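Analysis of the macromolecular model
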Amino acid sequence: MAEIELRNLVKRYGDGFPAVNDVSLRIEDGEFVILVGPSGSGKSTVLRMIVGLEDITDGDLLIDGERVNDKAPRDRDLSMVFQNYALYPHLTVYENIAFPLRLDKTSYPEDEVKARVDRAATMLELGEHLERKPANLSGGQRQRVAMGRAIVRDAKAFLFDEPLSNLDAKLRGQMRTEIARMQRNLGVTTVYVTHDQTEAMTLGDKVAVLKRGALQQYASPQELYREP
Ligand code: ADP
Ligand code: ADP
C-alpha cells in the first residue's frame, strides 16, 4: 500500500516542448486514479516515470514520503500491466501467472506459489483454465492472465497502461467491471492510463486530465460531471 506524490514533474525527451510539464498530484493510499487525455498528452510518460522506466528531467517523485527519483524500478515495489501484455506462449496460464514469483528475490516455497496463483486465478475467473496455453484462450482471458501476473506479487501499487485497448467493446466493458471489483477487493493504490473517457469516468476514485503534458484537472468523476 502506498501514497504516490508527483511534485512539479517534468520530462523532456529533446529540446522541444516537454512531454510532461510541471505535473503535481498526490495519490492517496488505496486510491484508484485514472490518467486520461488524448494520444501524446504525456500519460504513458508519467506512468513510466512512476515505475522508473523513464528518467525524471525535473521535479520529485515520492512514494510513501520517500524521494525515489534515483531508485531502480525493482526497488520501487510497483507492479505494471502493459498495453501489449506479452504472455509466454510455451507456458501454461498457471506458470504465466507464477512467473513473477519465480523471478522475485524472495524465494517462495511451492505451496505459497500455488496459494497465490490460485487466489489471483479465482479473483479473475481463470480457475478452470490454469493448464491451458495462451494460444487456446480468448483475448479477454489473456488479458486477465496478464492482470493475474501483476497482482500475484505484493506490490505497493498497480500501474495499468491502457490495458484494455486491444479488446473489443463488449470485452472492454466486462473487464472494466472486473478491474474495478478487483481494485476494491485488494484495496491497493492503482494508477490507470486510458484515452477512453467512459473508462475514466466509470472506473476511478479520481481522474487526472492531461493535455499537452500539463495537468488540466484533478477531481472525482462526480466533480467533473458537475463542471459546466
Ligand atoms: P500518451 O501516453 O498520452 O499517448 P506519451 O507519454 O506516450 O503520451 O507521449 C507524450 C509525448 O512525448 C508525445 O509527444 C510523444 O511523441 C513524446 N514521446 C514519448 N516517448 C518518447 C520517446 N521515447 N522519445 C521522444 N519522444 C517521446
Ligand atoms: P502511446 O501513445 O499509447 O503511449 P505511442 O504509440 O505513442 O504509445 O508510443 C509507443 C512507444 O514509442 C513508446 O515506448 C514511446 O515512448 C515511444 N515513442 C513515442 N513517441 C516517440 C517519439 N517521438 N520518439 C521516440 N519514441 C517515441
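Residues numbered from 1 in each chain as written. Chains lettered and ligands numbered in written order. Predicted model: local features only at pLDDT ≥ 70, side-chain atom pairs only at ≥ 80, totals over all residues. Heavy atoms only, no water.

As named in an unreviewed UniProt entry, the protein chain is Sn-glycerol-3-phosphate ABC transporter ATP-binding protein UgpC, taken from Brevibacterium pityocampae.

1. Regarding the packing of aromatic side chains
Overall, the coordinates contain three aromatic pairs when judged by the stated rule. Measuring from ring centre to ring centre gives 6.0 Å for Phe32 and Tyr192, while their planes differ by 65°; the resulting arrangement is edge-to-face. Here Tyr192 lies in strand β8 (residues 189-194) and Phe32 lies in strand β3 (residues 32-36), a separation of 160 residues in the sequence. Residue Phe32 is classed as buried on the basis of its relative accessible area, which comes to 2%. (Phe/Tyr/Trp six-rings, centres within 6.5 Å; stacked < 30°, edge-to-face > 60°. Helix = DSSP H or I, 4+ residues; strand = E, 2+ residues; numbered from the N terminus. Buried < 20%, exposed > 50% of the residue type's maximum accessible area, 1.4 Å probe, protein only.)

2. Considerations on the layout of surface pockets
For the largest pocket, the calculated volume is near 750 Å³. Among the elements of the structure, β6 (78-81), α2 (93-103) and α4 (139-151) are those that each provide at least two residues to the lining of the largest pocket. Take the lining of the largest pocket: its biggest share by element is four residues, from β6. Its residues assigned to classes, the lining of the largest pocket shows 15 nonpolar, two polar and six charged. The volume enclosed by the second largest pocket comes to roughly 150 Å³. In terms of lining residues, the second largest pocket is bounded by 13 residues, among which Val36, Gly37, Gln197, Val207 and Val209 are the most central. Listed by contribution, the elements that provide at least two residues to the lining of the second largest pocket are α6 (197-203) and β9 (206-211). Taken together, the residues of the lining of the second largest pocket break down into eight nonpolar, four polar and one charged. (1 Å grid on protein atoms, 1.4 Å probe; cavity = no way out; pocket = protein on both sides within 12 Å on 5 of 7 lines; lining within 4 Å. Points joined across faces, edges and corners; volume = space filled by probe spheres on them. Nonpolar A, V, L, I, M, F, W, Y, C, P; charged D, E, K, R; others polar.)

3. Focus: the nonpolar core
Ranked by internal contacts, the top residues of the largest apolar core, which has 46 residues, are Ile97, Val117, Met147 and Tyr192. Residue assignment for this core shows that the elements contributing at least two residues are β3, α2, α3 (110-123), α4, β7 (157-161), α5 (169-186), α6 and β9. If we ignore the near neighbours within four places in the chain, the residues touching Ile97 are Val117, Ala120, Leu126, Val145, Gly148, Arg149 and Val152. Val33, Val68, Val193 and Leu210 belong to the second largest nonpolar core, which has 27 residues in total. (Core = buried A, V, L, I, M, F, W, Y, C linked by side-chain atoms within 4.5 Å. Contact = heavy atoms within 4.5 Å.)

4. Quick word on the sheet that holds strand β1 (residues 4-11)
Two modes of strand pairing occur in sheets, parallel and antiparallel, and in both the strands are linked by backbone hydrogen bonds. The strand order across the open sheet built from four strands is β2-β1-β4-β5, with neighbouring strands paired in antiparallel fashion. The open sheet is flanked by β2 (20-27) and β5 (66-67), the only strands paired with a single partner. Looking at chain direction, strand β4 (residues 58-63) and β5 are connected through two bridges and run antiparallel. Within the sheet, the bridge partner assigned to Leu62 lies in β5 and is Arg67. Docked against the sheet, helix α1 (residues 43-51) engages β1, β2 and β4, running at close to 120° with respect to β1. (Pairing = 2+ DSSP bridges. Axes fitted to C-alpha atoms, helices over the stretch in contact; angles between N-to-C directions.)

5. A closer look at empty space enclosed by the protein
The final tally for this structure, using the stated rule, is three cavities of 30 Å³ or more. Around the largest cavity sit Ile63, Glu66, Val68, Lys71, Asp75, Arg76 and Lys156, which together line it. Looking at side-chain class alone, the lining of the largest cavity contains two nonpolar, no polar and five charged residues.

6. Some remarks on unusual backbone geometry
Residues apart from glycine generally show negative phi values, whereas peptide bonds are mostly found in trans. Of note, the phi angle at Asp64 is positive, near 50°, even though the residue is not glycine. Tracing the sequence through the fold places Asp64 in the loop between β4 and β5.

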